[in-house]
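Working through the structure, step by step
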Amino acid sequence: MAPAITLAADAPTLSAANTGFMLICSALVMLMTPGLAFFYGGMVRVKSTLNMLMMSFISLGIVTVLWVLYGFSVAFGDDKGGLVGWNADWVGLSDIGLTELWGATTIPLFVFAAFQLMFAILTPALISGALADRVKFSAWALFITLWVTVVYFPVAHWVWGEGGWAFDLGVIDFAGGTAVHINAGAAALGVLLVIGKRVGFKKDPMRPHSLPLVMLGAGLLWFGWFGFNAGSWLGNDDGVGALMFVNTQVATGAAVVGWLAYEKIRHGAFTTLGAASGAVAGLVAITPAGGAVSPLGAIAVGLVAGVLCAMAVGLKYRFGYDDSLDVVGVHLVGGVIGSLLVGFLATGKGQSDVAGLFYGGGLDQFWKQCAGVLGVLAYSLIVSAGLALLIHRTLGMRVSEDEEVAGIDQAEHAETAYDFSGAGGGAARTAAGTPVTPAESKKVDA
């Protein structure tokens, strides 16, 4: 009887503190999707603002339903060959007790499912920034449905599900460098190569219409990212979550400095868009690494990511792919940087005793990180391009050229972001910028 008594005594029990903490973190991660919508919405031209907002918001609806029906089971159910999971009891999130714990943690299974749902929602929304101005909303909704089913849910199992091939290999991804950012960045590259460039790419000015919105979105992302990162340890019992919280702030600050320094040297100015983009690059890069590196290591991660991502966003002009809002340059490149730097900067005193090259651990962990990066990148790129091609050849992925030039907001949503008809100090103008005639103004007012 003694062993049974010992096991019972050592069994985890529900922690109200950890449960409350994780519910707050889940809400913070949910806030990141509206934050992303504002970040992207401010970066596009005025005629595409609402469409950009909606491309993020629709993910909140579609992915939530799919996660309940089968997504959670595929991502975190019993392993099937290292590639997917499945647990029939979790279909519809049924047969789950209110106080049933997630594995050996002290939080309810429902709380873990809710937290991971927010990751699943955010990841396809990240892709949308690469496709601004030109994708049918119905086609985008279908793409999200197919993509999370055959790409995100399985990849989440690879990386975080017990029995997943990357998990068993020992790939370190604290909060989503591979499963979220490399996954989304590679998918964005695959889709944009299929659908092609915007009308006027490299010819017409395509400047952000509202930098205040961009800064607001970046601030909301930075705020929500503390839940995204620190919450991924699923509790507060051993200080690792606190380390991740600190490293999140440190790396992000360093990335802002790195991006702006590069921008000043290369272009002669410190821009608000650069500051916001640098912050996101730092957040992306520290996501896989923050539980394994020290705060000094986090500074290195942030600086490297800030500079290299700033350099990477210009590659689209050199190679001719139209990544509208730099998803490839920031999320794919930033995710790769953070994931690979684990192999050099892991101290062995954080989330595990695994040490990187600079701390006496050799290159073993670096090669594992390479395997995780390449596996996720290749799978997401190829399958995402295939899904986009399927939709493009059947339903059509793009709006017409006339609709794109006139404005996708009006074509797809029958709305415009800003109504200037009642503004004083000059003639009212349409969304395209042409003056509204007195007769048209009367019709609008009526």
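Residues numbered from 1 in each chain as written. Predicted model: local features only at pLDDT ≥ 70, side-chain atom pairs only at ≥ 80, totals over all residues. Heavy atoms only, no water.

1. Details of the environment of Leu-357
Tracing the chain through its elements places Leu-357 in the loop between α13 (327-345) and α14 (364-394). Linking Leu-357 and Met-55, residues 302 residues apart in sequence, is a C-alpha distance of 41 Å. Excluding residues that lie within four positions of it along the chain, Leu-357 makes contacts with Gly-343, Phe-344, Gly-362 and Leu-363. (Helix = DSSP H or I, 4+ residues; strand = E, 2+ residues; numbered from the N terminus. Contact = heavy atoms within 4.5 Å.)

2. Let's talk about empty space enclosed by the protein
Over the atoms, a rolling probe the size of a water molecule traces out where space has been left empty. Evaluation of the coordinates by the stated rule reveals one cavity of 30 Å³ or more. What the largest cavity holds in volume is close to 80 Å³. In terms of lining residues, the largest cavity is bounded by Phe-39, Tyr-40, Met-43, Trp-259, Ser-277, Val-280, Val-313, Leu-325, Asp-326, Val-327, Val-330 and His-331. Those elements that place two or more of their residues in the lining of the largest cavity are α2 (16-43), α10 (272-289) and α13. In terms of residue class, the lining of the largest cavity is made up of nine nonpolar, two polar and one charged. (1 Å grid on protein atoms, 1.4 Å probe; cavity = no way out; pocket = protein on both sides within 12 Å on 5 of 7 lines; lining within 4 Å. Points joined across faces, edges and corners; volume = space filled by probe spheres on them. Nonpolar A, V, L, I, M, F, W, Y, C, P; charged D, E, K, R; others polar.)

3. Considerations on the state of the cysteines
Inspection of every chain in the model, using the stated rule, returns zero disulfides. Cysteine Cys-370 shares no disulfide, and the gap to the nearest cysteine sulfur, in Cys-309, comes to 17 Å. (Disulfide = S-S within 2.5 Å.)

4. Observations regarding the pattern of salt bridges
Any two side chains of opposite charge can pair, on the condition that their charged atoms come close. Summed over all chains, the structure comprises six salt bridges. Measuring nitrogen to oxygen at the nearest pair gives 2.9 Å for the salt bridge that ties Lys-316 to Asp-326. Placement of the pair is Lys-316 in helix α12 (residues 315-319) and Asp-326 in the loop between α12 and α13, with a sequence separation of ten residues. Exposure class is identical for Lys-316 and Asp-326. Each is buried. Among the ionic pairs, Lys-368 bridges to Asp-364, the shortest N-O distance being 3.5 Å. Placement of the pair is Lys-368 and Asp-364 together in helix α14, with a separation of four residues, close to one helical turn. In this structure Asp-364 comes out as partly exposed when scored by relative accessible area, which is 47%. Through salt bridges with shared partners, a single network forms among Arg-45, Asp-133, Arg-198 and Asp-322. (Salt bridge = Lys/Arg side-chain N within 4 Å of Asp/Glu carboxyl O. Buried < 20%, exposed > 50% of the residue type's maximum accessible area, 1.4 Å probe, protein only.)

5. Describing the confidence of the model for the protein chain
Confidence in the prediction of the protein chain, expressed as mean pLDDT, is 92, and 92% of residues score 70 or more. Considering only residues more than four positions removed or in separate chains, one finds that residues 1-9, a stretch of pLDDT under 50, has zero contacts. (pLDDT = per-residue confidence, 0-100.)

6. Examining the side chain of His-157
Mapped onto the secondary structure, His-157 falls in helix α5 (residues 137-160). Here His-157 falls in the buried class, since its relative accessible area comes to 0%. Beyond its immediate stretch of four places on either side in the chain, His-157 contacts Val-74, Ala-75, Phe-76, Gly-77, Asp-79, Gly-82, Leu-83, Val-84, Gly-85, Glu-162, Gly-163 and Gly-164.

7. Digging into the nonpolar core
By size, the foremost hydrophobic cluster in this structure holds 121 residues, and its most contacted members are Phe-72 and Tyr-152. Here the element with the most residues in this core is α5; it accounts for 15 residues. The residues contacting Phe-72, other than those within four sequence positions of it, are Trp-67, Gly-77, Trp-90, Leu-93, Trp-102, Leu-109, Phe-112 and Ala-113. (Core = buried A, V, L, I, M, F, W, Y, C linked by side-chain atoms within 4.5 Å.)

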